[in-house]
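Breakdown of the fold
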Amino acid sequence: MNHSRLLMPYSTVMLLFIAGYMTFGLGLSAIESVKKLGIVFSIAGLLLCLHTAHVRNHKIPNAFKLFILFYVYLVISSIWSPAPALMNSRGMVSILCASLMVGLSLHLKLISYRTMLLLLMIPGTLNFIAYFLGINIILERHDGSEAAIEQAWKRFSGFIGQPNAFATRGLLPLIFIAAFFKELKKEQTPASLYSLALFLTVFVIIASGSKKSVVISAIFLLLLAYQVLSSKVFLSVLVGAVILSLSSMSVFLHTSELEVVARFQLMISGDDDSTIERLLMMELAPLVFLDNFILGAGLNGFAYVSGIGAYAHNNALELAASGGLIGLFLYYPLFIICFFQIYKQFGAVYTGIFLAFYIFSELTSVMYMDRAYSIILIMVILLAITKGGEQHGH
């Protein structure tokens, strides 16, 4: 009886906290005057989740505790990092609180999967409105410097200020649908929400000019198709998609005027500056790791020790260089176990497709330092603790 009385107000307040974070922490994060509200909403939401678990006498799953332990180490490592300690540690605290808020609110059933899907659409929707109104905060580079105005609209970043961050945040609805399609189907999620997620996906690819957005979208559309279609139809669609892609790629690359296509052309020709820079990072990161083998150079230390001034754009290399052996040990066993549990619950094909995304993201992004990717990591943990439609705490 007490639980039923608590559930309504707690669920409503939880919805407001998550909506606040999605709005200010993800959707409007380039606006200095409001972005700090995202931290407030994430901390408040996590505290509400922890209080709810205490009231219900609900044990927090061990996977969440290990996730917390990893981020606690990152915050501690800011002590010996050459990077600004307060700014970097505050960012990690916000990322941890926000991702846990999302994960625990679903785990504790404070928020339904259908409601969470709606909430994840907030960043993409806000920035579609910005695109429509002609608003574009052009803080493209990692050091916060403005991009050339003539290039800014080719790589739109809206209220977020960085096109790749805009891309991953805008793709969260599609990723969530593909990951939790069975749960959304059980909750009788209307087809209009799926259509809106697909619309936002197309918008993100075109507006951001992000190469990663194309690959990520393709992977999760494939994962969704695997769950929607029968095995024979899925195989036919997969073969047809591969043949169509290969046959039309040459024509499309030479005729399309989309920025994302132009960037693929540069990458293929070897003239893509971002690819060249990332190859240099791959050479420097192991050297930083060997010089700081046990503890690492500290949170975001690679950017300063290497002299590049940016993170490594590779999860394993950044973590090795900045977190050392301890950071690697706290992070990778957790997700190896998670994917093994996902394999046991969802089968080889589902796991293989999701793992393809994870490996791609490992090679192209620093997942644990990114606000959108940290939510995806929580999705992985949620999938791992799901058994037969219910969640367990192993």
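Residues numbered from 1 in each chain as written. Predicted model: local features only at pLDDT ≥ 70, side-chain atom pairs only at ≥ 80, totals over all residues. Heavy atoms only, no water.

The next point concerns the overall build of the chain. Helix and strand counts for the chain stand at 19 helices and 2 strands. Relative to its 394 residues, the chain shows a buried fraction of 52%. A sequence separation of at least 24 residues applies to 74% of the contacts in the chain between residues at least 6 apart. Split by element, the accessible area of the chain, about 18000 Å² in all, is 70% carbon and sulfur. (Helix = DSSP H or I, 4+ residues; strand = E, 2+ residues; numbered from the N terminus. Buried < 20%, exposed > 50% of the residue type's maximum accessible area, 1.4 Å probe, protein only. Contact = heavy atoms within 4.5 Å. Areas by Shrake-Rupley, 256 points an atom, 1.4 Å probe, with all protein chains shown as cover.)

As a rule of thumb, soluble globular proteins bury nonpolar side chains together. If you look at the biggest cluster of nonpolar residues, it comprises 107 residues, and the most contacted ones within it are Phe67, Phe176, Tyr331 and Phe354. Broken down by element, the residue count for this core peaks at 12 residues, all from helix α19 (residues 371-384). In this structure, Tyr331 is in contact with Phe70, Asn315, Leu319, Tyr358, Glu362, Met367, Tyr368 and Leu377, ignoring residues within four places of it in sequence. In terms of nonpolar packing, the next biggest core, distinct from the first, is built from 9 residues, Ala297, Phe302, Ala310 and Leu317 among them. (Core = buried A, V, L, I, M, F, W, Y, C linked by side-chain atoms within 4.5 Å.)

This paragraph deals with the environment of Phe24. Looking at where Phe24 falls in the secondary structure, it is placed in helix α1 (residues 2-27). When neighbours within four sequence positions are excluded, Phe24 is seen to be in contact with Ser29, Val34, Lys35, Leu37, Gly38 and Phe41.

Inspection of the entire model under this criterion finds 1 salt bridge. Lys35 serves as the salt-bridge partner of Glu32, at 3.3 Å between the closest nitrogen and oxygen. Highlighted residues: Glu32 and Lys35, both in helix α2 (residues 32-55), separated by 3 residues, approximately one helical turn. (Salt bridge = Lys/Arg side-chain N within 4 Å of Asp/Glu carboxyl O.)

On the surface, Ile68, Val72, Ile76, Ile79, Trp80, Leu290, Phe293, Ile294, Leu295, Leu325 and Ile326 cluster together to form a nonpolar patch covering roughly 950 Å² of accessible area. If you list the elements that add at least two residues to the nonpolar patch, you get α3 (62-77) and α17 (315-346). Tallying contributions element by element places α3 first for the nonpolar patch, with 3 residues. Tracing the sequence through the fold places Ile79 in the loop between α3 and α4 (85-107). (Patch = residues over 30% accessible without salt bridge, like charges linked within 9 Å, V, L, I, M, F, W, Y side chains within 5 Å.)

On to the packing of α17 against helix α18 (residues 348-364), then. Contact pair α17 / α18: the axes reach a minimum separation of 10 Å and the direction vectors enclose 170 degrees. Here α17 lies roughly antiparallel to α18, going by the angle between them. Two secondary-structure elements touch here, α17 through Asn315, Ala316, Tyr331, Tyr332, Phe335, Phe339, Ile342, Tyr343 and Phe346 and α18 through Ala348, Tyr350, Thr351, Phe354, Leu355, Tyr358 and Glu362. Of the residues in the contact of α17 with α18, the class split is 13 nonpolar, 2 polar and 1 charged. (Axes fitted to C-alpha atoms, helices over the stretch in contact; angles between N-to-C directions. Parallel < 35°, antiparallel > 145°, perpendicular 65-115°, else oblique. Nonpolar A, V, L, I, M, F, W, Y, C, P; charged D, E, K, R; others polar.)

Applying the stated rule across the entire model yields 31 aromatic pairs. A ring pair is formed by Phe176 and Phe180, whose centres lie 5.0 Å apart and whose planes are at 50 degrees; its orientation type is tilted. (Phe/Tyr/Trp six-rings, centres within 6.5 Å; stacked < 30°, edge-to-face > 60°.)

Our next topic: the side chain of Thr364. Note that Thr364 resides in helix α18. Residue Thr364 is classed as buried on the basis of its relative accessible area of 15%. A polar contact is formed between the side chain of Thr364 and the backbone oxygen of Phe360, at a distance of 2.8 Å. (Polar contact = N/O pair within 3.5 Å; in protein donor to acceptor, adjacent residues only side chain to side chain.)

Looking now at helix α12 (residues 211-228). For α12, which comprises 18 residues, the first-to-last C-alpha distance of 26 Å matches the rise-based estimate of 26 Å (1.5 Å per residue) to within 8%. For α12, the side-chain oxygen to backbone nitrogen distance between the N-cap and Lys212 is 3.3 Å, and the N-cap itself is Ser210. (Expected span 1.5 Å × (residues − 1).)

Within the fold, Ile129 resides in helix α6 (residues 122-133). Counting along the chain gives 29 residues from Ile129 to Gly158, while the straight-line C-alpha distance between them is 9.0 Å.

If you trace the backbone, Asn315 turns up in helix α17. Here Asn315 falls in the buried class, since its relative accessible area comes to 0%. In this structure the side chain of Asn315 is engaged in a polar contact, spanning 2.7 Å, whose partner is the backbone nitrogen of Met367. Excluding anything up to four places from it in sequence, Asn315 contacts Tyr331, Tyr332, Glu362, Ser365, Val366, Met367 and Tyr368.

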